[in-house]
Every structure is written in C-alpha cells, then in structure tokens.
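Each chain, letter by letter, is given below.
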Amino acid sequence: MKVAVVGLGIAGLSICARLALAGHDVSGFDQFEPMHTHGSSHGDTRIMRLTPGEGEIYVELARRANEGWRTWEGLAGRPFIEWTTGLMAGPRGSPFVAACQRLSKTPAALLRGDAIHALTRGYIAMPYEWDVFRQEDAGVIAADAARAFLLKQAVRWGAKLQHNARIDAPIDGLVLKINDSARAFDAVIVAAGGWARRLLPEFAGRLAVKRRVVGWFETPNPRLAPVICADNDEGVYGMSAPRGLYKLGLHAIGGATDPDSVREPDADDAELLSAQARVLLPTHNPTPVRMARCLYTVTPDEHFLITPSSANARVLLFSACSGHGFKYAPMFGQIAEDWLNGKETAELTAFGITRRAPVNRLGGEKT
Ligand SMILES: Cc1cc2nc3c(=O)[nH]c(=O)nc-3n(C[C@H](O)[C@H](O)[C@H](O)COP(=O)(O)OP(=O)(O)OC[C@H]3O[C@@H](n4cnc5c(N)ncnc54)[C@H](O)[C@@H]3O)c2cc1C
C-alpha cells in the first residue's frame, strides 16, 4: 500500500520504520531538517516508566514498548534506556501516586517525602507532606539518539524520508500538496504534533498546543539519580541527563502557543524552574545552566488521540503527546499497522474518538 506519513518526530519515524518493514511503500515528510528542535521530540532525554500512573492501557503499552526498545537497541548496537528507578510523588492523598502504587505489579508502601533525602544520600529532597512511591521500573531514554537511529533504520527498511517538505494544510483527502506538487496515496497518517490541528481542522478543538520549558542543573557531585514525577501544582518532573546534569521540567506550566513562533526561554522560566530546584535538588546550583523550549499537544483528557478523519476513513490523526508519548515510541508503528490492516485493538479503541467526551465550541471538554 502507498502510505504517506506527515511529520517525522518520534511518532512519524516509528510509523515509517514499522510500515516499511511490513512491506508498504512508505513516504515520510517533514517540514524541517532532520533532528530539528521545533516540535516535541528533540532533546537529550525522556523519562521511561513501565508502570505509568496515567492508566491501565498505558501499563500494557509500556511493557510492549519496552520489548520494542530492546529490539531497537539490538539493531542500533547500543542501549537507549538507562534504568535509574523513579520517585512518583505528590501532596498527601495524590491520585497519581495512588494510581502508580495500584498499577505496579509489586506494590510497595508509600514513603513520606522527608525519607527521600536519606534514601538518595542527600541528592534529592521532597517535602514531608508528600506521598512518594518508589518505582524500580523507571529510567531515562536517550531521546535524540533514538531519533537519530530511527532516521537511519526507517530508510534501511525502505521508507523514503523527505525533509524540508511542508504538506499544505488542510489535508482533505488522499492527495497531498507538497512544495507545489501533488501526490496521491492509499492512506495518509498525520503525525504532525503541534501542527496537526491545522492539517486536520476537524480535530482542532481537541488539540491544544502548549509551550513548555525544561532546564538543566549542575552539581559538584554528579551521579545517576532517580527520575522524579510529581503531581504538585507545577507537575515537576526530572531526570539525570548527560554531562552529570539533572534536568527539570514543569508538566503543568506554560500557555497556549503558535507552533511557528514559540517564545524562547526567559528569566521567568528560569525562576519557575529554580524554585523547584531549590526544593528538590539540595546539592545543585539552582540557576539552570541552560534551558530549552518544547511543544506539548494536549487533549482535554490528556490521552492520545489516534483516530480516522470523519471526511476520509483512510486518513488517520496520530496525536501521541500530552507530554507522555516518547516512552511508547516502538509501539506507534504497530498501532499504525493495526489500523492499516483494519484490526480492532484495545489501543485503537481507547485512543479513538468514539468513546471520548464531546468538546464544546471553546475547545474544552464538556463537564
Ligand atoms: C518538554 C517535554 C518533555 C517530555 N517528556 C517526556 C517524558 O519524559 N517521557 C515521555 O514518554 N514523553 C515525554 N514527552 C512527550 C514526547 O516527547 C512526545 O509525546 C513526542 O515527542 C511526540 O512526538 P510527535 O512525533 O507526535 O510530535 P513532534 O515531535 O512534534 O513531530 C511532529 C513533526 O511533524 C512535522 N510537521 C508538522 N506539520 C507538518 C507539515 N505541514 N508538513 C510536514 N511536516 C510537518 C513537524 O515538523 C514535526 O517534526 C515530552 C514532551 C515535551 C515537549
């Protein structure tokens, strides 16, 4: 089948690789150069969790994705994931922490926040009034390395990848307009991250594009440290990063943005991140050594939205962000292949539109 994949972030690359391996005639397009830093997939690291607190469907997906990561590591001849353990934390009674504990196959007791300082030999600190669930099965993904690997592997398996090729919006069928020419396909998969709402405007009310900023912090005594995911007001998360740094981000902070003109990190971003570093990272200098911006494409319920267009059932929206998609990357190609083959799977049902709440005209979910 002749398949077009619009967008070569981690989702589009995984899809191109898998579909090409399955024997499809795959063309992947991206508006920017390889390894660009304008979307959601760039950066040195992402958090891996095998027991994601986001829900049961993701636990199964993460376990299957983990097998895929092993396959990719075998092909690449290098590891992509470093297992560090993780600290899932939040104010007392946090539903996220409770979900992590419930979903874990080997549930352990919750810890008080102030136990973390001793547990990490002074490296990480948390407020006394936080609940903390320690997960063994958490770690750090070498994100840019994985993206670079897929750029090569997809081509090795036969995908044709075209960069600096912007697909005209909106997409209204199986003929795509690319740099003033038109090409017809049997199926089109739109993995365009923050730009998907323009390409498929029927989904615009369900896809909010948000600016996010991450910062890297240094310490005189660097070491591999646990991942942090907290559901405090800022949604702070963190992970060890290359060159002995620790990276912090704020899952819940950052306004709506135009993906084509995202404000660069500034002093206000630095202060928001520093406030978290002062609490969580007692041995680190609380001033970030550098910062970077990134895009979240957030659905009202923060679940992925993977669903065919109502105008053409051979056009698929593949929106796998809401800030937690990277870890499942090896499964994205599989999900796309299942859709292409007309399979009804648990993922396609869970991430489809049929069971989702309707959205109102302001783009918010109806309560
Ligand atoms: C700051 C931050 C931290 C995160 N942390 C984690 C984490 O710790 N763990 C985790 O699992 N996940 C995490 N995520 C989420 C994860 O990174 C995303 O789910 C994932 O990168 C989404 O990839 P994507 O391919 O859907 O989007 P993108 O990477 O944005 O790719 C979309 C691509 O489509 C292209 N495109 C758009 N429009 C067009 C067009 N018209 N023509 C051609 N090309 C087009 C764009 O140029 C872009 O390359 C994080 C995300 C961010 C931003």
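First, a word on scope: everything that follows refers to the structure included in this document. Just so it is clear, the structure is predicted and the values come from calculations on it, not from any experiment.

### A few points about the site of the ligand
Item 1. Around the ligand there are 36 residues in total, and Asp30, His36, Ser41, Ile47 and Cys294 lie nearest to it.
Item 2. Residue Ser40 places a main-chain N or O atom 2.9 Å away from an oxygen atom belonging to the ligand.
Item 3. Its free accessible area being 1000 Å², the ligand has 97% of it covered by the protein chains.
Item 4. For the shell around the ligand, the secondary structure elements donating two or more residues are α1 (10-21), β3 (45-49) and β17 (290-298).
Item 5. Considering each element in turn, the shell around the ligand owes the most residues, 3 residues, to β17.
Item 6. Tallied by class, residues from the shell around the ligand come to 21 nonpolar, 11 polar and 4 charged.

### Quick look at the pattern of salt bridges
When the charged atoms of two side chains lie near each other, side chains of opposite charge can form a pair.
Item 1. Counting across every chain of the model gives 19 salt bridges.
Item 2. Between Asp25 and Lys160 there is a salt bridge whose closest N-O contact spans 2.5 Å. Note that Asp25 is positioned in strand β2 (residues 25-29) and Lys160 in strand β9 (residues 160-162), a separation of 135 residues in sequence.
Item 3. Relative accessible area serves as the criterion here: at 32%, Asp25 is assigned to the partly exposed category.
Item 4. In this structure Lys160 comes out as partly exposed when scored by relative accessible area, which is 44%.
Item 5. Where Asp144 meets Arg147, a salt bridge forms, and the shortest distance between an N and an O atom there is 3.1 Å. One end of the pair is Asp144 and the other is Arg147, both in helix α5 (residues 143-156) and 3 residues apart, which spans about a single turn.
Item 6. When its relative accessible area of 3% is taken as the criterion, Arg147 is described as buried.
Item 7. When salt bridges with common partners are traced through the structure, they connect Arg166, Arg198, Asp258 and Asp260 into a single cluster.

### Observations concerning the packing of α1 against helix α8 (residues 329-340)
Item 1. Put simply, α1 and α8 touch, their axes get as near as 7 Å, and they point 60° apart. If you check the angle between α1 and α8, you find them oblique. Where α1 crosses over α8, the handedness of that crossing is right-handed. Between α1, through Ile10, Ala11, Ser14, Ile15, Arg18 and Leu19, and α8, the contact on the second element is made entirely by Ala329, Pro330, Phe332, Gly333, Gln334, Ala336, Glu337 and Leu340.
Item 2. When grouped by side-chain class, the residues that make up the contact of α1 with α8 number 9 nonpolar, 3 polar and 2 charged.

### Some details on the packing of aromatic side chains
Item 1. With the rule as written, the count across this model stands at 14 aromatic pairs.
Item 2. Note on Tyr58 and Phe304: the rings are 5.3 Å apart at their centroids and 85° apart in plane angle, and the pair reads as edge-to-face. Here Tyr58, found in helix α2 (residues 56-76), pairs with Phe304, found in the loop between β17 and β18 (305-308); they are 246 residues apart in sequence, far enough to count as distant. Like Phe304, Tyr58 is buried.
Item 3. Plain terms: the ring middles of Trp69 and Phe80 are 6.1 Å apart, the flat faces sit at 65° to each other, and that makes the pair edge-to-face. One end of the pair, Trp69, is in helix α2; the other, Phe80, is in the loop between α2 and β4 (81-83), with 11 residues separating them in the sequence. Pair check on accessibility: Trp69 and Phe80 agree, each one buried.
Item 4. Taken together, the aromatic side chains of Tyr58, Phe304, Phe318, Tyr328, Phe332 and Phe351 make up a single cluster linked through ring pairs.

Quick notes on the rules
- Residues numbered from 1 in each chain as written.
- Predicted model: local features only at pLDDT ≥ 70, side-chain atom pairs only at ≥ 80, totals over all residues.
- Heavy atoms only, no water.
- Near = heavy atom within 4 Å.
- Polar contact = N/O pair within 3.5 Å; in protein donor to acceptor, adjacent residues only side chain to side chain.
- Areas by Shrake-Rupley, 256 points an atom, 1.4 Å probe, with all protein chains shown as cover.
- Helix = DSSP H or I, 4+ residues; strand = E, 2+ residues; numbered from the N terminus.
- Nonpolar A, V, L, I, M, F, W, Y, C, P; charged D, E, K, R; others polar.
- Salt bridge = Lys/Arg side-chain N within 4 Å of Asp/Glu carboxyl O.
- Buried < 20%, exposed > 50% of the residue type's maximum accessible area, 1.4 Å probe, protein only.
- Axes fitted to C-alpha atoms, helices over the stretch in contact; angles between N-to-C directions.
- Parallel < 35°, antiparallel > 145°, perpendicular 65-115°, else oblique.
- Left-handed = near helix turned anticlockwise from the far one by under 90°.
- Contact = heavy atoms within 4.5 Å.
- Phe/Tyr/Trp six-rings, centres within 6.5 Å; stacked < 30°, edge-to-face > 60°.

Purely geometric stuff here, so don't read any function into it on its own.
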